[in-house]
Amino acid sequence: MDRRKSLKLIGGSAVGIAGLVFANWKWQIIDQLTHEGFFSLKEEQTIRAIADTIIPEGLPPILPSADAKPIGALSTGTHDYINKVIAQCYEPTDQEVIKQELQKLISQDFLKLDRQEREKRLMALAESEVESEKEFFKVMKSETITGFTTVKEVMVNYRNYQVAPGFYNGCAEVTQKA
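Residues numbered from 1 in each chain as written. Predicted model: local features only at pLDDT ≥ 70, side-chain atom pairs only at ≥ 80, totals over all residues. Heavy atoms only, no water.

## Observations regarding the overall build of the protein
Let me state the cut-off plainly: What counts as a helix is a DSSP run of H or I of at least four residues, what counts as a strand is a run of E of at least two, and both are numbered from the N terminus. Categorising residues by exposure relies on relative accessible area from a 1.4 Å probe, with only protein chains included: less than 20% of the type maximum marks a residue as buried, more than 50% marks it as exposed, and the intermediate range marks it as partly exposed. Residue contacts are counted whenever heavy atoms from the two residues lie within 4.5 Å of one another. With residues, only the protein chains shown are counted as cover, and all accessible areas are computed by Shrake-Rupley using a 1.4 Å probe.
For the protein, the helix and strand inventory stands at 7 helices and 0 strands. Walking the protein from its N terminus toward its C terminus, one meets helices and strands in the order α-α-α-α-α-α-α. Taking all 178 residues of the protein together, 25% fall into the buried category. Within the protein, contacts between residues separated by at least 24 positions form 67% of all contacts whose residues are at least 6 apart in sequence. Accessible surface computed for the protein: about 13,000 Å², of which carbon and sulfur atoms make up 56%.

Right, here's the structure in full:
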């Protein structure tokens, strides 16, 4: 192979990769500037990290089938449930407390921590003397568990939930006794 051609290929690849990195960075900035919703983008990311810390993705001890895939709070969309239920169902005073506690976690670089450090930070909130921190953890934990356990994948595949238990066979033969 021609050396010049090889250098051009390598150079073109490097420029392409740099362009992709720049494009990804640009979209992240645009997402932050144009984000709409009750929570800010950082607050939503923090809720996502909290849900993932409380119920991480993995296989349960009893598998519903041999080819079962790992399941967790993020794969079931529990974080979206939490966002909506807090925004639409909680009182404004409770929403403000939740937002304040999320801002505290953001200022402590909660998103940059690994899972074990996030667990320690959340457990510190659970055992805190400050009532708002304790209540925040309680709300996040209960809503994460509620959102995860009521999703269709968990109810049908792991709890054997049936919308209408029992069966009706409308075309069954009827034998008449005289």
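## Section: the packing of aromatic side chains
Applicable threshold: Under the pairing criterion, centres of Phe, Tyr and Trp rings, with the six-membered ring standing for Trp, must be within 6.5 Å; the plane angle then separates stacked pairs below 30 degrees from edge-to-face pairs above 60, leaving the rest tilted. Remark: a charge is flagged as sitting over a ring if the NZ atom of Lys or the CZ atom of Arg is within 6 Å of the ring centre and within 35 degrees of the ring normal.
Scanning the model with the defined rule gives 1 aromatic pair in all. Here Phe38 and Phe39 contribute two aromatic rings whose centre-to-centre distance is 4.9 Å and whose plane-to-plane angle is 85°, an arrangement assigned as edge-to-face. We classify Phe38 as partly exposed; its relative accessible area is 32%. When the ring centre of Phe38 is taken as origin, the NZ or CZ atom of Lys99, which lies over that ring, is 4.5 Å away.

## Some remarks on a negative patch on the surface
Note the following rule: Any residue with relative accessible area above 30% and no salt bridge may belong to a patch, with like charges joined within 9 Å and the nonpolar Val, Leu, Ile, Met, Phe, Trp and Tyr side chains within 5 Å. Throughout this description, the term salt bridge denotes a Lys or Arg side-chain nitrogen within 4 Å of a carboxyl oxygen of Asp or Glu. Under this rule, positive means Lys or Arg and negative means Asp or Glu; His and the chain ends count for nothing. Every charge is mapped onto a representative atom, which is NZ of Lys, CZ of Arg, CG of Asp or CD of Glu.
Taken together, the side chains of Glu91, Asp94, Glu131 and Glu135 make up a negatively charged region of the molecular surface. Within the element layout of this structure, Glu131 appears in helix 6 (residues 131–149).

## Looking at the nonpolar core
The condition is simple: To qualify as a nonpolar core, a set must consist of buried Ala, Val, Leu, Ile, Met, Phe, Trp, Tyr and Cys residues joined through side-chain atoms within 4.5 Å.
Ile50, Ile86, Ile98, Leu102, Phe136 and Met140 are the most contacted members of the largest nonpolar core, which totals 25 residues. Looking at this core, the elements that each hand over two or more residues are helix 2 (41–54), helix 3 (78–89), helix 4 (92–107), helix 5 (115–126) and helix 6. Per element, the largest residue contribution to this core is 5 residues, and it comes from helix 6. The residues contacting Met140, other than those within four sequence positions of it, are Ile47, Ile50, Ile54, Ile82 and Ile86.

## Some remarks on a nonpolar patch on the surface
Together, Val156, Tyr161 and Val163 give the surface a local cluster of nonpolar side chains, amounting to about 310 Å² of exposed area. Among the secondary structure elements, Val156 is positioned in helix 7 (residues 152–157). By relative accessible area, Val156 is classed as partly exposed at 36%.

## Concerning the environment of Tyr90
The residue Tyr90 is located in the loop between helix 3 and helix 4 in this model. In this view, Tyr90 contacts Val85, Gln95, Ile98, Val139 and Glu143; residues no more than four positions away in its chain are not counted.

## A word on the side chain of Thr76
Inspection of the secondary structure puts Thr76 in the loop between helix 2 and helix 3. A residue is classified by how much of its surface remains accessible, and Thr76, at 12% relative accessible area, is buried. Beyond its immediate stretch of four places on either side in the chain, Thr76 contacts Ile71, Phe148, Val151 and Glu153.

## Looking at helix 6
Convention followed: To estimate how far a helix should extend, the number of its residues minus one is multiplied by 1.5 Å. The arc refers to the directions leading from the helix axis to the C-beta atoms.
Compared with the 27 Å implied by 1.5 Å per residue over 19 residues, the 27 Å span of helix 6 between its first and last C-alpha is a close match. Within helix 6, burial applies to Glu133, Phe136, Phe137, Val139, Met140, Glu143, Thr144, Gly147 and Phe148. One side of helix 6 holds all its buried residues, which, seen down the axis, span an arc of 160°. Of the exposed residues in helix 6, those oriented more than 90 degrees away from the buried face are Glu131 and Lys138. Tucked inside the fold, the buried residues of helix 6 contact helix 2, helix 3, helix 4, helix 5 and helix 7.

## Comments concerning the packing of helix 4 against helix 6
Formally: In this analysis an axis means a line fitted to C-alpha atoms, helices contributing only their contacting stretch, and an angle means the value between N-to-C directions, from 0 to 180 degrees. Roughly parallel refers to an angle under 35 degrees, roughly antiparallel to one over 145, roughly perpendicular to one between 65 and 115, and oblique to any angle outside these ranges. Throughout, the ten residues Ala, Val, Leu, Ile, Met, Phe, Trp, Tyr, Cys and Pro are labelled nonpolar, Asp, Glu, Lys and Arg are labelled charged, and all others, Gly among them, are labelled polar.
Close contact between helix 4 and helix 6 brings their axes to 10 Å; oriented N to C, the two are set at 95°. Comparing the axis directions of helix 4 and helix 6 gives the class roughly perpendicular. Two secondary-structure elements touch here, helix 4 through Val97, Ile98, Glu101, Leu102, Lys104 and Leu105 and helix 6 through Ser132, Glu133, Phe136 and Val139. Across the contact of helix 4 with helix 6, the residue classes break down as 6 nonpolar, 1 polar and 3 charged.

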